[in-house]
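So you can see what is in the structure, the chains are spelled out below.
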Amino acid sequence: MQLQKPEMTNAFIDIMDNVWSYGGAMAALTCTLLLHIMNADPQMVHYVHNSGLAKSFLRMIKGTTIKGKAWFEPNFPPSPDLIMALPNVISALSLTEDGAKRIRDSNPIRELLGILCGRIY
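A brief structural summary. Predicted model only: the values in this text are computed from it and were never measured.

A look at the side chain of Ser106
Examined against the element boundaries, Ser106 turns out to sit in helix α7 (residues 97-106). A distance of 3.0 Å separates the side chain of Ser106 from the backbone oxygen of Ile103, its partner in a polar contact. Aside from chain neighbours lying at most four places away, what touches Ser106 is Leu58 and Lys62.

As structure tokens, then:
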């Protein structure tokens, strides 16, 4: 699989780590491709978690705590395509038992709900 080549993995991580530079559209395409790869071959979920791709994705949606508020401000541009791709990627990252445990431990739902409260979204 092409995703397992270091160049491709590093490109995906770079896009997600620098989402404000690349823009929401590029991040949405990256997330959509990533979820299609995992849905087509659930064995890739293990690679995505171990290569740092999942950590980069989760870092992208984790944001900063708004002082005095119960929600988070996500760390990505307001892009409808990206916002719609996020739950699908989380679902794909949870296809395996180990992946589901890792996602449950990171608990990204709080950040997703922050989108509903965020000023720019």
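Some remarks on the packing of helix α5 (residues 53-61) against helix α6 (residues 80-93)
Where α5 meets α6, the closest approach of the two axes is 12 Å, and the angle between their N-to-C directions is 140°. By the angle between their directions, the pair α5 and α6 is classed as oblique. Crossing angle aside, the handedness with which α5 passes α6 is left-handed. Within the contact between the two elements, α5 uses Ala54, Phe57, Met60 and Ile61 and α6 uses Leu82, Leu86, Val89, Ile90 and Leu93. Taken together, the residues of the contact of α5 with α6 break down into 9 nonpolar, no polar and no charged.

A few points about the nonpolar core
Ranked by internal contacts, the top residues of the largest apolar core, which has 33 residues, are Leu3, Leu34, Leu53, Phe57, Met60, Leu82 and Leu86. Counting only elements with at least two residues in this core, the list comes to α1 (6-17), α3 (24-40), α4 (44-51), α5, α6 and α8 (109-117). Setting aside its immediate chain neighbours within four residues, Leu82 contacts Val19, Gly24, Ala27, Ala28, Cys31, Met60, Phe76 and Pro77.

Thoughts on a nonpolar patch on the surface
On the surface, a nonpolar cluster with roughly 300 Å² of combined accessible area is contributed by Tyr22, Met26 and Leu29. With respect to the helices, strands and loops of the structure, Leu29 is situated in helix α3.

Focus: α5
Burial within α5 is extensive, with 7 of its 9 residues counted as buried. Inspection of α5 places Leu53, Ala54, Ser56, Phe57, Leu58, Met60 and Ile61 among the buried residues, and these make up the whole buried set.

Overview of the pattern of salt bridges
Side-chain pairing between opposite charges can occur once the charged atoms of the two side chains come close. Evaluation of the coordinates by the stated rule reveals 4 salt bridges. A salt bridge links Asp17 to Arg59; its shortest N-O distance comes to 2.9 Å. Taken together, the residues span a long stretch of sequence, with Asp17 in helix α1 and Arg59 in helix α5 at a distance of 42 residues. The partly exposed category is assigned to Arg59, whose relative accessible area is 41%. With a shortest N-O distance of 3.1 Å, Asp105 and Lys101 are connected by a salt bridge. With a gap of 4 residues between them, Asp105 and Lys101 both fall in helix α7, about one helical turn apart.

Rules of the game
Residues numbered from 1 in each chain as written. Predicted model: local features only at pLDDT ≥ 70, side-chain atom pairs only at ≥ 80, totals over all residues. Heavy atoms only, no water. Helix = DSSP H or I, 4+ residues; strand = E, 2+ residues; numbered from the N terminus. Polar contact = N/O pair within 3.5 Å; in protein donor to acceptor, adjacent residues only side chain to side chain. Contact = heavy atoms within 4.5 Å. Axes fitted to C-alpha atoms, helices over the stretch in contact; angles between N-to-C directions. Parallel < 35°, antiparallel > 145°, perpendicular 65-115°, else oblique. Left-handed = near helix turned anticlockwise from the far one by under 90°. Nonpolar A, V, L, I, M, F, W, Y, C, P; charged D, E, K, R; others polar. Core = buried A, V, L, I, M, F, W, Y, C linked by side-chain atoms within 4.5 Å. Buried < 20%, exposed > 50% of the residue type's maximum accessible area, 1.4 Å probe, protein only. Patch = residues over 30% accessible without salt bridge, like charges linked within 9 Å, V, L, I, M, F, W, Y side chains within 5 Å. Areas by Shrake-Rupley, 256 points an atom, 1.4 Å probe, with all protein chains shown as cover. Salt bridge = Lys/Arg side-chain N within 4 Å of Asp/Glu carboxyl O.

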